[in-house]
Amino acid sequence: TPRRLLTDAAALPVYIYFHGGGWTSGDKAPLTKYCASQAADGMVVVNVNYRKATRFHMGHILEDAAAALSWVSNEIARFGGDPERIVLGGDSAGGQIAALLAAAIGNEELADHYGVHPTADVRGLVQHCSMVDFSVLFERGFIMSLGFIRMLLPGRGRGLVLADATRFLSPIEWIGPRFPPVFVTTSARDMFFRANLNFLARLRSVGVQVHTLIYGAATRNAKHTWQQNSSLAESQEVYRQLQAFVRCVAGVRAISA
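Residues numbered from 1 in each chain as written. Predicted model: local features only at pLDDT ≥ 70, side-chain atom pairs only at ≥ 80, totals over all residues. Heavy atoms only, no water.

Undergrad: I'd like a description of the layout of surface pockets, backed by residues and values.
TA: Approximately 240 Å³ is the volume attributed to the second largest pocket. The wall of the second largest pocket is formed by 14 residues, among which Ala102, Ala103, Ile105, Arg178 and Phe179 lie closest to the centre. A per-class count over the lining of the second largest pocket returns nine nonpolar, three polar and two charged. (1 Å grid on protein atoms, 1.4 Å probe; cavity = no way out; pocket = protein on both sides within 12 Å on 5 of 7 lines; lining within 4 Å. Points joined across faces, edges and corners; volume = space filled by probe spheres on them. Nonpolar A, V, L, I, M, F, W, Y, C, P; charged D, E, K, R; others polar.)

Shown next as structure tokens:
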């Protein structure tokens, strides 16, 4: 909780973050240090929990994400944040949630499918090792089974063609010219590396502004969601570039030391 309320003139960009955990586990608490690291450099950070599979499905999860975004839009000014300069972010499954929420803003088909109609001034999207292209689950030998698709669908996908149903789970399918600028951090050591490369190619193909930090296989410290470990130099570089990205898309000059 902020120690004091700020005036409108001092309102800061807002970073809304969704944790990972394969949609079935995880919690915002372990992300406190990550979020605090970003807040310390000049933004208001909102760390979000949400309902999880298998008890709930993607419709419930996206409903919670949209509710968090609505709360920020209506209330964040009381905590020094600017509701007109919001950046969404997440890691792994949380990155997929953030990206799907960003896509649902202004996309009637996707919003209607989930029964959520988020409205907010989202200036950017941060993706850490995110699951943004579900088509990779159909590739032979992929580390995750098709059960991850079924558990995110109503009724475990009974009566649905999975290849068709994944369209509403995959952010890559909903990228258009109105999609916000994106900062992608990934690594050749990450299990979602191919999904991230596909995502980047689609973003660039429609002219979305993209910034990347990609580590090769030789970088041993850049395994899946390494960004959460602030002791790593590779994570500190993520934070530096993330902060620069937020300032850029939010129209804020760099803060001098």
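Undergrad: Explain the nonpolar core to me, and be specific about the residues and the numbers.
TA: Grouped together as the largest cluster of nonpolar side chains are 62 residues, with contacts concentrated most on Ile16, Trp23, Leu88 and Phe179. One finds Met43, Val45, Trp226 and Val238 within the second-largest nonpolar core, a separate group that totals 22 residues. (Core = buried A, V, L, I, M, F, W, Y, C linked by side-chain atoms within 4.5 Å. Buried < 20%, exposed > 50% of the residue type's maximum accessible area, 1.4 Å probe, protein only.)

Undergrad: Could you give me a rundown of the pairing of strand β4 (residues 122-128), with the residues and numbers involved?
TA: Judged by how many residues are buried, β4 sits mostly within the fold: six of seven residues are covered. With six bridges joining them, strand β3 (residues 81-91) and β4 adopt parallel strand pairing. Bridging across to β4, isoleucine 86 finds its partner in valine 122. In the sheet, β4 pairs with strand β5 (residues 182-187) via four bridges, with the strands oriented parallel. Following the sheet pairing, valine 126 is matched in β5 by phenylalanine 183. (Helix = DSSP H or I, 4+ residues; strand = E, 2+ residues; numbered from the N terminus. Pairing = 2+ DSSP bridges.)

Undergrad: Just give me the short version of the packing of aromatic side chains, but keep the residues and values in it.
TA: Counting across every chain of the model gives twelve aromatic pairs. Arranged with centres 5.7 Å apart and planes meeting at 75°, the rings of tyrosine 34 and tyrosine 239 form a pair that is edge-to-face. With tyrosine 34 in helix α1 (residues 32-39) and tyrosine 239 in helix α8 (residues 233-250), this pair connects stretches of sequence that are 205 residues apart. With respect to class, tyrosine 34 is no different from tyrosine 239; both count as buried. Seen from their ring centres, tyrosine 215 and tryptophan 226 are 5.6 Å apart, and the 75° between their planes marks the pair as edge-to-face. With tyrosine 215 in strand β6 (residues 210-215) and tryptophan 226 in the loop between β6 and α8, this pair connects stretches of sequence that are eleven residues apart. Among the aromatic residues, those joined into a cluster by ring pairs are Tyr15, Tyr17, Tyr34 and Tyr239. In this structure, arginine 51 is placed above the aromatic ring of phenylalanine 56, and the distance from its NZ or CZ to the ring centre is 5.3 Å. Looking at arginine 167, its charged tip hangs above the ring of phenylalanine 168, at a distance of 5.3 Å from the centre. (Phe/Tyr/Trp six-rings, centres within 6.5 Å; stacked < 30°, edge-to-face > 60°. Lys NZ or Arg CZ within 6 Å of the ring centre and 35° of its normal.)

Undergrad: Tell me about the pattern of salt bridges, and name the residues and values.
TA: Applying the stated criterion across every chain yields a total of eight salt bridges. Note that arginine 78 is salt-bridged to glutamate 75, the shortest N-O span being 2.9 Å. A salt bridge links glutamate 237 to arginine 240; its shortest N-O distance comes to 2.6 Å. Here arginine 240 and glutamate 237 lie together in helix α8, a separation of three residues that amounts to about one turn. Overlapping salt bridges, with partners in common, bring together Arg51, Glu63 and Asp64 in one network. (Salt bridge = Lys/Arg side-chain N within 4 Å of Asp/Glu carboxyl O.)

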